[in-house]
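Chain by chain, the residues:
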Amino acid sequence: MRKHIFNAGPCILSDTARENTAKAIIDLDGIGQSIMEVSHRSKEFVAIFDETVELFKEVLGIPDGYSVLFLGGGASTQFAMIPFNFLKTKAAYLNTGTWSTKAIKEAKLFGEVNVVASSEDKGFNYIPKDYSIPEDIDYFHITTNNTIKGTEIHEDMDSPVPLFADMSSDILSRPVDVAKYDMIYGGAQKNLGPAGVTFVIIKDALLDKVADRAIPTMLKYKTHVDKGSMFNTPPVTPIFVVRETLKWLKSIGGVNEMYKLNKAKAELLYNAIDDSKMFVGTVAKEDRSLMNICFVLKDEYKEKEADFVKFAGERNCVGIKGHRSVGGFRASCYNALSIDSVQVLVDAMRDFEKANL
Ligand SMILES: *Cc1c(COP(=O)(O)O)cnc(C)c1O
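Everything numeric in this text was worked out from a predicted model, so none of it was measured.

Peer 1: Got a minute to help me understand the site of the ligand in this structure?
Peer 2: Close contacts around the ligand come from 14 residues, with Ser76, Thr147, Asp166, Gln189 and Lys190 the closest. Side-chain polar atom of Ser76 to an oxygen atom of the ligand: 2.6 Å apart, as the coordinates give it. One nitrogen or oxygen atom from the side chain of Thr147 is found 2.4 Å from an oxygen atom belonging to the ligand. Taken by itself the ligand offers 380 Å² of open surface, and the protein chains cover 87% of this. Of the residues forming the shell around the ligand, the biggest block, four residues, is contributed by helix α3 (residues 74–86). A class-by-class count of the residues in the shell around the ligand yields three nonpolar, nine polar and two charged.

Now the structure itself:
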């Protein structure tokens, strides 16, 4: 039987994406070749690629003047590629967790980094708000959703300098005003598709502002924009799954509808946490992520942590163990997770509490 998949990444995928991919793995649209075997330059794949880009633009509302890339290397490669291309002298970063910290570390290899604010003082359990974005910098970098710590920046911000956002784990979970950003990027495996493909939405005008240093061809954004992500072999099969995921998202009503569902799922689980005598949330309420919901057992019940993971596992909930740096539990409620799965987890929490309080 199908499990209730709360994995933080790779994530749960829609049934239609899985089923259509399974068919294409055997035979792509009756052409006698698997999606894994077709040439990335074949007319069949070029059509799939173009449709994926168009669907992404349509579903997220990406305006003219932006390019969409599908690359390898993960969001982690973007941490280095961004400063390699765009950090001339100084950039600013907001430090909201593990992934921001990693992005900052890479940027420091290329120039001065101004960490305008950090929530490290409280274990990254909130989003800093008391800071201003300097104007004498090349760009400002944020992580909109902190997958490990469970906080999220809920509003698009105005920035006087180019704004770069790692949206690995909340892309397409809510409407975004793309025009406020110069670059949005992420690993697809949190909400957009399987592992193996990285999306980059980049403002074309940014390409005129590249730092004056030698950059390897593969690490230049311009290379990939000029060649439409086909400078080398792109991740063909993962891109197919992204297309199927975007088609599914469009068919259920797009990002606005998804946002409503995500809010309903998160409310159901956060209410259960707040009503509980055993469980407690780990982050500031106003900054709670809709995607990655972190909670722990109160101190007096701490020794029951493994018991609850097992208890929930018996109800077919997988992936709820918290990240090793936080402990406790993390239920990732990505787009394809149904509210029925969240209800199963909530019932498990209530029943566990009844049995153990
Ligand atoms: C998972 C994650 C990353 C790392 O992505 P990779 O594709 O594994 O390199 C970066 N940022 C955020 C916010 C993430 O959730």
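Moving on from the model shown.
Peer 1: Sorry, what's going on with unusual backbone geometry here?
Peer 2: Trans is the prevailing form of peptide bonds, just as negative phi is the prevailing case for residues other than glycine. Each neighbour pair has its own omega, and for Gly9 with Pro10 the value is -5°, a cis peptide bond. Relative to the assigned elements, Pro10 resides in the loop between β1 (4–5) and α1 (15–26). One non-glycine residue, Asp29, lies in the positive phi region at around 45°. Using a relative accessible area of 66% as the deciding quantity, one classes Asp29 as exposed.

Peer 1: I'm lost on the sheet that holds strand β8 (residues 163–166) in this one. Help?
Peer 2: Strands belonging to one sheet form pairs held by backbone hydrogen bonds; the direction of such a pair is parallel or antiparallel. Taking strand neighbours across the sheet as the criterion, the seven strands line up as β2-β10-β9-β8-β5-β3-β4 in an open arrangement whose pairing is mixed. The outermost strands of the open sheet, each flanked by one partner alone, are β2 (66–71) and β4 (112–118). Looking at each pair of strands side by side, their axes are set apart by 20° on average, direction ignored. Where β8 lies against strand β9 (residues 183–187), three bridges are found, and the strand directions are parallel.

Peer 1: I'm lost on helix α6 (residues 236–251) in this one. Help?
Peer 2: An α-helical turn contains 3.6 residues, so a residue and the one three or four places further along point in the same direction. Between its terminal C-alpha atoms α6 stretches 23 Å, which fits the 22 Å expected from 16 residues at 1.5 Å a residue. Among the 16 residues of α6, 13 are classified as buried, and the element is accordingly described as predominantly covered. Just beyond α6, the residue with positive phi is Gly253, at close to 115°.

Conventions used here
- Residues numbered from 1 in each chain as written.
- Predicted model: local features only at pLDDT ≥ 70, side-chain atom pairs only at ≥ 80, totals over all residues.
- Heavy atoms only, no water.
- Near = heavy atom within 4 Å.
- Polar contact = N/O pair within 3.5 Å; in protein donor to acceptor, adjacent residues only side chain to side chain.
- Areas by Shrake-Rupley, 256 points an atom, 1.4 Å probe, with all protein chains shown as cover.
- Helix = DSSP H or I, 4+ residues; strand = E, 2+ residues; numbered from the N terminus.
- Nonpolar A, V, L, I, M, F, W, Y, C, P; charged D, E, K, R; others polar.
- Buried < 20%, exposed > 50% of the residue type's maximum accessible area, 1.4 Å probe, protein only.
- Pairing = 2+ DSSP bridges.
- Axes fitted to C-alpha atoms, helices over the stretch in contact; angles between N-to-C directions.
- Expected span 1.5 Å × (residues − 1).

In short, shape yes, function no, at least from these values alone.
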